Amino acid sequence: MRFDHVWKLFEGNAVVSDLDLKIREGEFLVLVGPSGCGKTTSLRMLAGLERPSHGRIWMGDKDVTDLPTGQRDVSMVFQSYALYPNMSVKKNLAFGPKVRKEPKKDLDRRINEVADLLGIRQLLNRSPSALSGGQRQRVALGRALIREPQVFLMDEPLSNLDAALRVQMRAELIRLHNRLENTTTVYVTHDQVEALTMGDRVAVLKDGVLLQVDSANDLYEYPESVFVGEFIGSPKMNVQPGSLNTSGGVANIECLGVRTTLSPEITGRIEATPSGGSVLVGIRPHDLHLAGESGPESERVQGLIDIVEHTGTEVFATIDVGDAKVIARLPRTPLPVRGQKVELAFNADRVLLFDVESRKSLLRRDSEREKVSIR
Ligand SMILES: Nc1ncnc2c1ncn2[C@@H]1O[C@H](COP(=O)(O)OP(=O)(O)O)[C@@H](O)[C@H]1O
Ligand SMILES: [Mg+2]
């Protein structure tokens, strides 16, 4: 399946700009980005509910741009999953096939199969009003599944569920996708955690523009822009102005008042040093920490804790360093407190470097690391 240089304009405004994206057969691809960035519109173009203003949509080697929804082998699950309130779960599942005048012969068998797959067999005779949110969502999925489509399109299907159920359904959807061999899933969400945990690959959209498509691991390790670096990862990556000085194969940076030499590994990945040396330095909260007892004075900086946040397993603190506010991961014991003075240092082999103007990465990918990346 492929978006082939697809544009969508509404009243002259491009809400999807030159989207060129190949979706691999059988993969679970997540489209992620902030609200309004064009995710739903893109998905609707795949579904045939919206026509591209320019460009083509391909499914396999077939140009489906002009095919109506009904003639595409796709099934879509929406954020709001209106079930027919006066019909039992079973009738809700049977509704689509009946409308499409599919043979009745094996409908019962298919309903039972889908119900088993989703664990809702015991609910078939209930009415939707007697179901929990998660059960309703499963029925909505079942209605899409019963078509046995080649392609599953899901538009924020979990956003109406509470947090615990969302986590459970996330895992279930992946299991389902894995069980339905050869089914391709395109899943839309604005939630980066959902994107990272679910996607074989994740496509990041911003203002209708595709910024990067990669595995979750590579998006985190190799963000090609400040936007992707900040969007992926929680808490958000710190971005601070700094200066980079490379000479004789050694790279020194200065950032947050810390002067340090970059590791040979990162130094070897620097694509270009901007003239004047000004850069944006990305430091993940996980890579900003309390300075140890040893180490040179120049590699540490004083800060004052402003806010302490517990995530359950980790403690993050917002810390004032001069005029900058940064987030660092701190040890759980002794528990850091507001107003406490701390000395910080960062991992010189984990920084990200971006161009000040273009906000694009200045680092090449490391081919060795890429080979051992998890996915
Ligand atoms: N039918 C429409 N007419 C005019 N503008 C639209 C229409 N559908 C979507 N838009 C606009 O297109 C942009 C992208 O919308 P959408 O694809 O729904 O974003 P997302 O799903 O990422 O939140 C938004 O600014 C939205 O207001
Ligand atoms: Mg949307």
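Just so it is clear, the structure is predicted and the values come from calculations on it, not from any experiment. Position numbers for residues count from 1 along each chain, tracking the sequence in the order it is written. To label them, take the chains in the order written and letter them from A, then take the ligands in the order written and number them from 1. Thresholds applied to this predicted model are a pLDDT of at least 70 for local features of residues and 80 or more for the giving and counting of side-chain atom pairs; totals over whole chains, interfaces and linings are not thresholded and use all residues.

Quick notes on the pairing of strand S12 (residues 250–255)
- We call a residue exposed when 12 or fewer other C-beta atoms sit within 10 Å of its C-beta, buried when the count reaches 20 or more, and partly exposed for counts in between; the C-beta positions come from the backbone. Strands are runs of DSSP state E lasting at least 2 residues, helices are runs of H or I lasting at least 4, and numbering of each runs from the N terminus. Residues Ala251, Ile253 and Cys255 point to one face of S12 and are all buried, whereas Val250, Asn252 and Glu254, pointing to the other face, are not buried.
- Each pair of strands is called paired provided DSSP finds at least two bridges between the two strands. Pairing analysis gives six bridges linking strand S11 (residues 238–247) to S12, with the strands arranged antiparallel. Its bridge partner lying in S12, asparagine 245 is registered against asparagine 252.
- A loop of two residues connects S11 with S12, the two strands running antiparallel in sequence, and glycine 248 in this loop sits at a positive phi of about 60°.
- Direction of pairing for S12 relative to strand S13 (residues 258–261): antiparallel, over a ladder of four bridges. Note that in S13 the partner of glutamate 254 across the bridge is arginine 259.
- Between S12 and S13, which follow one another and run antiparallel, lie two residues, and leucine 256 among them has a positive phi close to 55°.

As for the sheet that holds strand S4 (residues 54–59)
- Spatially, four strands are ordered S2-S1-S4-S5 in an open sheet, and the strand pairing comes out antiparallel. Only two strands of the sheet have a single partner each, and these edge strands are strand S2 (13–22) and strand S5 (62–63).
- Where strand S1 (residues 2–10) lies against S2, six bridges are found, and the strand directions are antiparallel. Residue pairing in the sheet places phenylalanine 10 in a bridge with asparagine 13 of S2.
- Whether two residues are in contact is decided by their C-beta atoms, placed from the backbone, lying within 7 Å. Comment: axis = line fitted to C-alpha atoms, over the contacting stretch for helices; angle = value between 0 and 180 degrees taken between N-to-C directions. Of the strands in this sheet, S1, S2 and S4 touch helix H1 (residues 39–47), which is tilted by about 60° from S2.

Examining the pairing of strand S19 (residues 341–346)
- Judged from the three bridges that link them, strand S15 (residues 288–290) and S19 form a sheet pairing that is antiparallel. Looking across to S19, one finds that leucine 288 is bridged to phenylalanine 346.
- Across four bridges, the pairing between strand S16 (residues 301–310) and S19 is antiparallel. Residue pairing across strands places glycine 303 opposite valine 342, the latter belonging to S19.

A word on the packing of helix H2 (residues 89–99) against helix H4 (residues 133–145)
- Contact pair H2 / H4: the axes reach a minimum separation of 8 Å and the direction vectors enclose 30°. Here H2 lies roughly parallel to H4, going by the angle between them. Relative to H4, H2 is oriented so that their crossing is right-handed. Contacts between H2 and H4 involve Val89, Asn92, Leu93 and Gly96 on the former and, on the latter, Val139, Gly142 and Arg143.
- Residues belonging to the contact of H2 with H4 are distributed by class as follows: three nonpolar, three polar and one charged. In these notes the angle categories are as follows: under 35 degrees is roughly parallel, over 145 is roughly antiparallel, 65 to 115 is roughly perpendicular, and the rest is oblique. Note on convention: the crossing is left-handed when the near helix lies turned anticlockwise from the far helix by less than a right angle, right-handed when the turn is clockwise. Under the scheme applied here, ten amino acids are nonpolar (Ala, Val, Leu, Ile, Met, Phe, Trp, Tyr, Cys and Pro), four are charged (Asp, Glu, Lys and Arg), and all others, including Gly, are polar.

Details of the domain arrangement of the chain
- Those domain boundaries reflect an automatic or database domain assignment. Splitting the chain by domain gives domain 1 (2–229) and domain 2 (235–372).
- The C-alpha-based centres of domain 1 and domain 2 are spaced at 38 Å.
- Counting residues at the interface gives seven residues for domain 1, matched by ten residues for domain 2.
- Looking at the side of domain 1 that touches domain 2, its residues break down into four nonpolar, two polar and one charged.

Some words on the sheet that holds S19
- The five strands lie next to each other as S15-S19-S16-S17-S18, forming an open sheet whose pairing is antiparallel. Where the open sheet ends on each side, the last strands, each with one partner, are S15 and strand S18 (324–330). Between one strand axis and the next, the sheet turns through 50° on average, direction left out of account.
- Here six bridges tie S16 to strand S17 (residues 315–321), and the two strands are oriented antiparallel to one another.

Here's the deal with helix H3 (residues 107–118)
- Under the convention used throughout, the expected extent of a helix is 1.5 Å for every residue step, that is, one less than its residue count. Its twelve residues give H3 an end-to-end C-alpha distance of 17 Å, which sits within 8% of 16 Å, the value for a rise of 1.5 Å per residue.
- Buried within H3 we find Ile111, Val114, Ala115 and Leu118. Buried residues of H3 fall within an arc of 100° about the axis and therefore sit on the same side. For H3, exposure combined with an orientation more than 90 degrees from the buried face picks out Arg109 and Asp116.
- Just beyond H3, the residue with positive phi is glycine 119, at close to 65°. The directions from the helix axis to the C-beta atoms form the arc being described.

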